[in-house]
Amino acid sequence: MSFEISQYKKLGSLIVVSGASGTGKSSILKPVIAEDCNLDFSVSCTTRKPRPGERDSVDYYFIDVDKFQKLIEEDAFIEHANVHGNYYGTLKSEVEGALQQGKDVLLDIDIQGALSIRKNFSKETLIGRLAEFVFIMPPSYEELERRLRGRGTESEESLKKRLLNAREEMNHFLEYDYCILNSDLYKAIGNFKSIIESFRCKTRSFISK
Ligand code: 5GP
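Residues numbered from 1 in each chain as written. Predicted model: local features only at pLDDT ≥ 70, side-chain atom pairs only at ≥ 80, totals over all residues. Heavy atoms only, no water.

1. Some words on the sheet that holds strand 7 (residues 86–91)
The condition that has to hold: Strands are labelled as partners when DSSP assigns at least two bridges between them. Secondary structure elements are defined from DSSP: runs of H or I of at least 4 residues count as helices, runs of E of at least 2 residues count as strands, and each element is numbered from the N terminus. Only C-alpha atoms enter the line fits that serve as axes; for helices the fit covers just the stretch in contact. Angles between N-to-C directions range over 0 to 180 degrees. In what follows, residue pairs with any heavy atoms lying within 4.5 Å of each other are defined as contacts.
One open sheet accounts for four strands, arranged 5-4-7-6; its pairing is mixed. Since the sheet does not close on itself, it has two edges, and those belong to strand 5 (60–62) and strand 6 (77–83), each with one partner. The mean inter-strand angle of the sheet, taken between neighbouring strand axes irrespective of direction, is 25°. On the sheet, helix 3 (residues 92–100) packs against strand 5, strand 6 and strand 7 and is oriented at approximately 25° with respect to strand 7.

2. Here's the deal with the packing of helix 6 (residues 141–151) against helix 7 (residues 156–170)
We apply this condition: We call two directions roughly parallel when the angle between them is under 35 degrees, roughly antiparallel when it is over 145, roughly perpendicular when it lies between 65 and 115, and oblique otherwise. For any pair of crossing helices, the crossing counts as left-handed if the nearer helix is rotated counterclockwise from the farther one by less than a right angle, and right-handed if it is rotated clockwise. We call Asp, Glu, Lys and Arg charged. Ala, Val, Leu, Ile, Met, Phe, Trp, Tyr, Cys and Pro are nonpolar, and the rest, Gly among them, are polar.
Contact geometry for helix 6 and helix 7: axes closest at 11 Å, N-to-C directions at 150°. By the angle between their axes, helix 6 is roughly antiparallel relative to helix 7. The two elements helix 6 and helix 7 cross, and the hand of that crossing is right-handed. Contact with helix 6, carried on its side by Tyr141, Leu144, Glu145, Leu148, Arg149 and Arg151, involves Glu156, Leu159, Arg162, Leu163, Leu164, Ala166, Arg167 and Met170 of helix 7 and no other residues of that element. Looking at the contact of helix 6 with helix 7, its residues break down into eight nonpolar, no polar and six charged.

3. Side note on the pattern of salt bridges
Between side chains of opposite charge, a pair can form as their charged atoms come close. The cut-off we apply is this: Counted as salt bridges are all cases of a side-chain nitrogen of Lys or Arg within 4 Å of a carboxyl oxygen of Asp or Glu. Only protein chains enter the area calculation, which uses a 1.4 Å probe; residues under 20% of their type maximum are buried, those over 50% are exposed, and those in between are partly exposed.
Under the criterion given, the structure shown has 21 salt bridges. Between Arg118 and Asp177 there is a salt bridge, with the nearest N and O atoms lying 2.9 Å from each other. Taken as a pair, Arg118 in helix 4 (residues 111–120) and Asp177 in the loop between helix 7 and strand 10 (178–181) lie far apart in primary sequence, 59 residues in all. Exposure remark for Asp177: the relative accessible area of 37% places this residue in the partly exposed category. One salt-bridge network, held together by shared partners, links Arg48, Arg51, Glu54, Arg151, Glu154 and Arg162.

In structure tokens:
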């Protein structure tokens, strides 16, 4: 029997990215999402209030705690977590259909969410098979604090909470598949693009039709 690549369907990759607030994560992700038309950003639900300039259904689905609870009961989330005192969750509807259609899907989620995906989805499931885990590391803790203060988006209390969480989160980077050190933004963007391209060549994303 002759071989035909068209007998196979190509699934997307689920690219799970974490990095503490102030690591420069969005400076790396945003330009890549904007220019890569096969990469979909998964819009999460959150009970956090929007920051100035944030748009509903674009940056997040901004919902209240009751609605969030209802979505948990309906089993609508792949994962959800309490991060810095607010709830955040990844919707199945943002992810599964797109992966089946061969789109790569990017999750920008915290370490609890990332590690729960790693733990709860075996390689036999769609999510477990296609998930790859990328950690973004700041050059140092001092630099992270400087960036976070410079951003000026957080109250002193929220800032302290984020810094404390960051210290704890950075201890877990070895549980990810890739680590990007963000000391030079352009280099970090280049690294991220190369990592995505390497996912696209993985045989695990081909399935017979
Ligand atoms: P921010 O409030 O700064 O937008 O996000 C705070 C943290 O929540 C970030 O580390 C971000 O990656 C994480 N986050 C955003 N969406 C989700 C999600 O759906 N699930 C989880 N577990 N974390 C999320």
